[in-house]
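Each chain is listed here by its residues.
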Amino acid sequence: MASSNRLCEHCHKRSRYSGHPYCGRTCATKATKAAQKSDGKSQSSQTSSDICESCKAKPKYYEPSGYMHPYCGKTCAAKSAKSSGKYLCLWCHRSPASKAHFCSKTCALAAEAQGPILLEVLNGHDTFKNVEGQFNRSWRHDDKPRPIVRRIYKVILSQSSEAAYSQYRSSIEARGKFLASGMSAGNENRRWHGTRRECTVGDDGNTTLCNSSTCPLCSIIQTSYDVGKCKAGSSFERFGAGIYTSSTSSKSHDYAKNGSKSPLKAILLNKVVVGNGYKLRTGNSNLKAPPSGFDSVLGETGKDLNYDELVIYRNDAIRPSFLVLYDA
């Protein structure tokens with residue numbers, strides 16, 4: 001009978017093969033798998049708090065400051081966004097956003113410092129669902145099949161542009177006291193605007209803004225709107241030389257044009273300080289400002305309009321907020 005110290009270390013029944021701890025390949029393979037499984041459990045139990053919450057394999061990403069993100073990188077963060085619908089920071093793509101679009105003040109400032117830029121909002125992100133939902137609900141032309149939204153980008157403005165808009169909104173709020181009536185500050189609303197796109201910004205994740213003087217879309221994203229470029233008396237501007245928007249996405253779609261070959265069209269969703277809006281049902285193409293005591297003109301459906309228009313006459317009353325790409 002073989003002594004115990006010469007028996008196979010796995011089955012403990014047969015004698016070891018000469019020079020090996022096991023009796024043969026079968027026991028050697030079983031022993032190796034058992035050891036790997038045991039080591040894996042041990043390692044997992046010791047480091048589970050450091051493992052990516054998505055892939056469960058790679059370590060979480062650590063910032064130089066020591067802050068630990070829940071995911072190993074952007075790929076797993078994106079997968080998590082699609083599957084969970086959580087708000088993820090649009091800058092680092094690693095942590096849930098605590099407010100709106102960014103996980104921290106650090107990420108918000110880092111993005112704003114690079115403005116004007118576009119940050120893609122992944123399909124599955126709550127912001128994507130929100131903007132897509134507004135696009136779909138406000139498509140009101142029965143004779144036009146509603147297209148599918150393919151990509152959405154958050155417009156990050158320069159800090160000075162954002163500050164000028166916020167200051168104007170505060171001044172309108174101070175005069176109109178809209179918050180006290182349960183409205184948003186300055187009676188701010190989101191409205192669509194369609195314009196010409198000469199380049200392919202937005203296609204296939206392209207976030208590079210062109211510098212063409214004939215690309216109004218990129219110009220608006222980079223420097224916002226300029227009422228000085230509007231001309232009074234145009235047949236398309238029923239309420240004079242102002243910046244035109246609409247709550248109807250299918251109306252703004254009519255003005256979205258491509259200057260290059262693309263399977264997609266692009267429109268902008270903007271934040272607009274409506275303030276005290278002056279309602280009109282008939283056009284007045286000579287207007288250069290709303291009537292005294294009002295901050296904007298609300299073109300209502302009726303005699304001259306089939307779909308609504310909101311017109312503002314101050315550059316700082318509007319800023320582009322999202323770029324939406326959809327099937328042409």
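Just so you know, these numbers come straight off a predicted model, no measurement behind them. (Residues numbered from 1 in each chain as written. Predicted model: local features only at pLDDT ≥ 70, side-chain atom pairs only at ≥ 80, totals over all residues. Heavy atoms only, no water.)

Now for the overall build of the protein chain. The number of helices and strands found in the protein chain is seven helices and eleven strands. Taken across its 328 residues, the protein chain has 43% of its residues classed as buried. A total accessible area of about 17,700 Å² is found for the protein chain, and carbon and sulfur atoms account for 48% of it. (Helix = DSSP H or I, 4+ residues; strand = E, 2+ residues; numbered from the N terminus. Buried < 20%, exposed > 50% of the residue type's maximum accessible area, 1.4 Å probe, protein only. Areas by Shrake-Rupley, 256 points an atom, 1.4 Å probe, with all protein chains shown as cover.)

Further remarks concern the side chain of Glu173. Here Glu173 shows up in helix 5 (residues 159-176). A polar contact of 3.2 Å, which involves the side chain of Glu173, links it to the backbone nitrogen of Phe178. Polar side-chain contacts of Glu173 include one of 2.9 Å to the backbone nitrogen of Gly186. Look past the residues within four positions of Glu173 in its chain and what remains in contact with it is Phe178, Leu179, Ser184, Ala185 and Gly186. (Polar contact = N/O pair within 3.5 Å; in protein donor to acceptor, adjacent residues only side chain to side chain. Contact = heavy atoms within 4.5 Å.)

This next bit is on helix 6 (residues 216-223). Along helix 6, the residues classified as buried are Leu217, Cys218, Ile220 and Ile221. In a view along the axis of helix 6, the buried residues occupy a sector of 160°, so they form one face of it. Residues of helix 6 that are buried sit in contact with strand 1 (117-121), strand 2 (149-156), strand 3 (188-194), strand 4 (196-197), strand 7 (264-273) and strand 11 (318-327). Positioned one or two residues after helix 6, Ser224 has a phi angle of 70°, which is positive. (Arc of directions from axis to C-beta.)

Gly115 connects to Pro116 through a cis peptide bond whose omega is 5°. Positionally, Pro116 belongs in the loop between helix 3 (105-114) and strand 1. At Lys56, a residue that is not glycine, the phi angle is positive and equals roughly 60°. Checked against the element boundaries, Lys56 lands in the loop between helix 1 (25-47) and helix 2 (74-84). Unusually for a residue other than glycine, Ser224 sits at a positive phi of about 70°.

Taken as a whole and assessed by the stated rule, the structure comprises four aromatic pairs. For the ring pair Phe135 and Trp192, a centre distance of 5.7 Å and an interplane angle of 85° mean the geometry is edge-to-face. Of this pair, Phe135 sits in helix 4 (residues 126-137) while Trp192 sits in strand 3, and the two are 57 residues apart along the sequence. Each member of the pair, Phe135 together with Trp192, is buried. Between the aromatic rings of Phe135 and Tyr326, the centroid separation amounts to 5.1 Å while the plane-to-plane angle is 45°, which identifies the pairing as tilted. In this pair, Phe135 sits in helix 4 while Tyr326 sits in strand 11, placing the two residues 191 residues apart along the sequence. By way of ring pairs, the aromatic residues Phe135, Trp139, Trp192 and Tyr326 are connected into one cluster. (Phe/Tyr/Trp six-rings, centres within 6.5 Å; stacked < 30°, edge-to-face > 60°.)

Okay, the environment of Phe294 next. By secondary structure assignment, the location of Phe294 is in the loop between strand 8 (277-280) and strand 9 (296-299). Measuring from C-alpha to C-alpha, the distance between Phe294 and Tyr278 comes to 6.0 Å, with 16 residues separating the pair along the chain.

Here four strands make up an open sheet; going across it, the order is 5-10-9-8 and the pairing mixed. Looking at strand neighbours, the two that pair on one side only are strand 5 (243-245) and strand 8, the edges of this open sheet. With strand direction ignored, the average angle separating the axes of adjacent strands in the sheet is 25°. Where strand 8 and strand 9 come together, four bridges link them in parallel fashion. Residue pairing in the sheet places Lys279 in a bridge with Leu298 of strand 9. (Pairing = 2+ DSSP bridges. Axes fitted to C-alpha atoms, helices over the stretch in contact; angles between N-to-C directions.)

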